[in-house]
Amino acid sequence: PQSCAADWRSAWQCFLTLVRRTCCSCFMPELDAREIYELRQLCTSAGLTQQALGNLLDASLSVPVLVRSEAAAMASAKKAGLGMEERQRLRDALRRHKEEVLSAVEPRIVEIDDDDAEALHIVAAQQQLAALRSVKRAEQAEQAKGEEVIRNGAICERYKWTQELGELTVAVELPPGTAKRDVICKVNIGTLVCGVRGEPPILFGQLHGRVRADEAMWQLQDSHRLVVTVPKLQLDRQEWWPCLLVGDPEINTDRCQEGEATNLLYPTGERQMRVQKIEVPESSDPNKKYDPKQAEKAWKEFFDKFPDMQAWEITLKPTVKDDGTVSNVEDQLVDTLGKVLGKQE
């Protein structure tokens, strides 16, 4: 057995050398052989898949790190790509590990001997899979260069969409030179239709959930991009939508984060800004209007939630463009912020 194990390790080292030569950014797990074997045992007891185990290995999450704090373990597992059900299974396994292994009179420590051919084979196989995953990630990263990434949503065949917990935004490409009077945008409580007058609908289907159709807004950009914004109809609780239209590809809602929706008002490569609406609580007294204390409290809560953001005091007034149309608040806001940021740069 010792001779077989030595030959196996020698062959494995040759494989790693080859991988290093073919992939300059090859991933090598930081966990040692004992930690890999222990994590594999934990995942097996939890009933997790090889993909879940691979995600934990790629994130270098050892069992001692995971048992340190359940909350931190769940957050790290979510960041590593484990779904809700997988995280629940992992949590249960970690609790059993604490009770059966760490709380015993003589805590059981996982060790791997040089003559344990089976354990060495398992560890080597996991290391090989990790190296292959690294090569695949490098290839995918190379292929994805220059491609647009949509957060909290997806790029579908006929449209792009993104979301916050309470709102949806959809971008549909129309034929170049489309006039506003020719745009068709019909939003009902459970359906959405977008297109050009006289042509078959570009986007038509049943929404994943219900929306507040009477609060929907749309705008035509550069005579070819239709952007629709509509609030979700929240009855019991707020939730992330896995898809915009029923039957379309679904996203992993576990990776959605509040405040991270992609700004679809601008194409890739242009400045993107995220505007957060801050509402000052209304006074119970109708005669009492602006309350500086309440406003200050609202701002404080905002910056506690988004510490990386900045704020400017801006006065907006209706202005008439050269073509006779009145610029909306959003256009003024973007233009003003662009000038402010340009001065800072």
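Scroll up to find the structure.
The rules we used
Residues numbered from 1 in each chain as written. Predicted model: local features only at pLDDT ≥ 70, side-chain atom pairs only at ≥ 80, totals over all residues. Heavy atoms only, no water. Core = buried A, V, L, I, M, F, W, Y, C linked by side-chain atoms within 4.5 Å. Buried < 20%, exposed > 50% of the residue type's maximum accessible area, 1.4 Å probe, protein only. Helix = DSSP H or I, 4+ residues; strand = E, 2+ residues; numbered from the N terminus. Contact = heavy atoms within 4.5 Å. Pairing = 2+ DSSP bridges. Polar contact = N/O pair within 3.5 Å; in protein donor to acceptor, adjacent residues only side chain to side chain. Arc of directions from axis to C-beta.

Some thoughts on the nonpolar core
And step 1. Counting 28 residues, the largest nonpolar core has Tyr159, Trp161, Val170 and Leu244 as its most contacted members.
And step 2. Elements supplying a minimum of two residues to this core: strand E3 (167–173), strand E4 (183–187), strand E5 (191–196) and strand E8 (225–231).
And step 3. Valine 170 has contacts with Tyr159, Lys160, Trp161, Leu192, Leu203, Leu226, Val227, Val228, Leu244 and Leu264, leaving out every residue within four places of it along the chain.

Some words on the sheet that holds E3
And step 1. Strand order in the open sheet made by the five strands is E1-E2-E3-E8-E7, with antiparallel pairing throughout. Edge positions in the sheet fall to strand E1 (154–155) and strand E7 (217–221), since each has one partner strand and no second.
And step 2. Alignment of strand E2 (residues 160–164) against E3, held across five bridges, turns out to be antiparallel. In the strand pairing of E3, glutamate 164 is matched with glutamate 167.

Overview of the side chain of glutamine 126
And step 1. By the element assignment, glutamine 126 lies in helix H7 (residues 117–143).
And step 2. Overall, the relative accessible area of 6% leaves glutamine 126 in the buried class.
And step 3. Only 3.0 Å separates the side chain of glutamine 126 from the side chain of glutamine 50, close enough to count as a polar contact.
And step 4. Setting aside residues no more than four positions away along its own chain, glutamine 126 makes contact with Ile36, Arg40, Gln50, Leu53 and Leu57.

Some thoughts on helix H5 (residues 70–80)
And step 1. Turning to H5, its buried residues number three or more, namely Ala73, Met74, Ala77 and Ala80. Along H5, the residues classed as buried sweep out an arc of 125° about the axis, all on the same side. More than 90 degrees from the buried face of H5, the exposed residues found are Ala71 and Lys79.
And step 2. Just downstream of H5 lies glycine 81, where phi reads positive at about 110°.

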